[in-house]
Amino acid sequence: AQKVTQAQTEISVVEKEDVTLDCVYETRDTTYYLFWYKQPPSGELVFLIRRNSFDEQNEISGRYSWNFQKSTSSFNFTITASQVVDSAVYFCALSEANSGGSNYKLTFGKGTLLTVNP
Amino acid sequence: DTGVSQNPRHKITKRGQNVTFRCDPISEHNRLYWYRQTLGQGPEFLTYFQNEAQLEKSRLLSDRFSAERPKGSFSTLEIQRTEQGDSAMYLCASSLAAGTGGGSPLHFGNGTRLTVT
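Residues numbered from 1 in each chain as written. Chains lettered and ligands numbered in written order. Predicted model: local features only at pLDDT ≥ 70, side-chain atom pairs only at ≥ 80, totals over all residues. Heavy atoms only, no water.

Novice: When you look at the pattern of salt bridges in this model, what are you seeing that I'm missing?
Specialist: Close approach of charged atoms allows side chains with opposite charge to pair. All chains considered together, the criterion is met by eight salt bridges over all chains. Ionic pairing is found between A:Arg51 and A:Asp55, a salt bridge with its closest N-O pair at 3.1 Å. Classification of A:Asp55 as partly exposed rests on a relative accessible area of 27%. B:Arg22 is paired through a salt bridge with B:Asp24; the nearest N and O atoms lie 2.8 Å apart. Residue classification places B:Arg22 among the partly exposed positions, given a relative accessible area of 34%. Under the relative-accessibility criterion, B:Asp24 is labelled partly exposed at 24%. Members of the salt-bridge network, linked through shared partners, are A:Arg51, A:Asp55 and A:Glu59. (Salt bridge = Lys/Arg side-chain N within 4 Å of Asp/Glu carboxyl O. Buried < 20%, exposed > 50% of the residue type's maximum accessible area, 1.4 Å probe, protein only.)

Novice: Got a minute to help me understand the interface of chain B and chain A in this structure?
Specialist: Quite often, the size of an interface is put as the accessible area lost when its parts meet. Each partner contributes to the interface: chain B provides 25 residues, whereas chain A provides 22 residues. Across the interface of chain B and chain A, roughly 1800 Å² is buried in total on both sides, 48% from carbon and sulfur atoms. Our count for the contact surface shared by chain B and chain A stands at one salt bridge. The salt bridge involving B:Glu56 is made with A:Lys105; its shortest N-O contact spans 2.4 Å. The tally of links from chain B across to chain A stands at four residue pairs in polar contact (both at pLDDT 80 or more). When contributions to the side of chain B that touches chain A are tallied by element, the ones reaching two or more residues are strand E4 (31-37) and strand E5 (44-50) of chain B. (Contact = heavy atoms within 4.5 Å. Buried area = accessible area lost by both parts, 1.4 Å probe. Polar contact = N/O pair within 3.5 Å; in protein donor to acceptor, adjacent residues only side chain to side chain. Helix = DSSP H or I, 4+ residues; strand = E, 2+ residues; numbered from the N terminus.)

Novice: I tried to follow the sheet that holds strand E1 (residues 5-7) of chain B on my own but got confused; where do I start?
Specialist: Through backbone hydrogen bonds, the strands of a sheet pair up, either in parallel or in antiparallel fashion. Residues and elements named next belong to chain B. The antiparallel open sheet is built from four strands, whose spatial order is E1-E3-E8-E7. In this open sheet, the two edge strands, each paired with only one partner strand, are E1 and strand E7 (65-68). Neighbouring strand axes in the sheet, compared pairwise and without regard to direction, differ in orientation by 15 degrees on average. Judged from the four bridges that link them, E7 and strand E8 (residues 75-79) form a sheet pairing that is antiparallel. If you follow alanine 67 over to E8, its bridge partner there is leucine 77. (Pairing = 2+ DSSP bridges. Axes fitted to C-alpha atoms, helices over the stretch in contact; angles between N-to-C directions.)

Novice: For this particular structure, what's the right way to read the state of the cysteines?
Specialist: All names here are of chain B. Throughout the structure, instances matching the rule amount to two disulfides over all chains. One disulfide bridge connects cysteine 23 with cysteine 92, the sulfur atoms lying 1.9 Å from each other. An S-S torsion of about -70 degrees defines the bridge between cysteine 23 and cysteine 92 as left-handed. In this pair, cysteine 23 sits in strand E3 (residues 19-24) while cysteine 92 sits in strand E9 (residues 88-95), placing the two residues 69 residues apart along the sequence. What makes cysteine 23 buried here is its relative accessible area of 0%. (Disulfide = S-S within 2.5 Å.)

Novice: What exactly am I supposed to notice about the packing of aromatic side chains here?
Specialist: What characterises a pair of aromatic rings is the spacing of the ring centres plus the angle enclosed by the ring planes. One pass over the structure, following the stated rule, counts 22 aromatic pairs over all chains. With a centroid separation of 5.2 Å and an interplanar angle of 90 degrees, the aromatic rings of A:Tyr64 and A:Phe77 are classed as edge-to-face. Taken together, the residues span a long stretch of sequence, with A:Tyr64 in strand E8 (residues 64-69) and A:Phe77 in strand E9 (residues 74-79) at a distance of 13 residues. Judged on exposure class, the residue A:Tyr64 and its partner A:Phe77 are both buried. Taken together, the ring pairs connect A:Phe35, A:Tyr37, A:Phe47, A:Phe91, A:Phe108, B:Tyr33, B:Tyr35, B:Phe45, B:Tyr48 and B:Phe108 into an aromatic cluster. The ring of B:Phe74 is capped by B:Arg22, whose NZ or CZ atom sits 3.9 Å from the centre of that ring. (Phe/Tyr/Trp six-rings, centres within 6.5 Å; stacked < 30°, edge-to-face > 60°. Lys NZ or Arg CZ within 6 Å of the ring centre and 35° of its normal.)

Given below as structure tokens:
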């Protein structure tokens, strides 16, 4: 069975601080996908990034960066120079790959509530 | 791309009543998913369709729940004889399955918040 653990339930930082959200996953599949989603107070889940299990290259997008390490089954997310608008619940998720290689059903962690204070 | 649309946004019902939610996916997406999210938890998978075929159902989907996607476009989720434990946010998502590149990520709607009194 697949499992995603986000050990940090809540994190509070002051604006402009860097913050890292941890994600550890478990799966027996050799092909899988990892995701991060943001859920602001409005409730909509906003897609941030997807990585497949064969691509361990770290990624940077503006103030966001992701560190994927298969050796430790982790997919951590760092926000540099945090802003108040970053305040949200962040979910890490894991997807199996179906026979066609596509991602489909997601298993989510419980989320980390990030509060960025001015 | 108009995004995934869900209606209604909020639904309050009395225990024992039936409710139905609607989801309109992104138009070119052939997969549609239903998830349920309770307070303080991540979304949990309920079921998914590829075109009009319902391919997988979670054990969370009791026999009081039924989902349809009659023409492979919009979908409905019906809950019969609602119970207080059904109170949750019901999220719909869609994606495009593809032979290469892993298909598209799941894109979620705003959800329907159900309160059973």
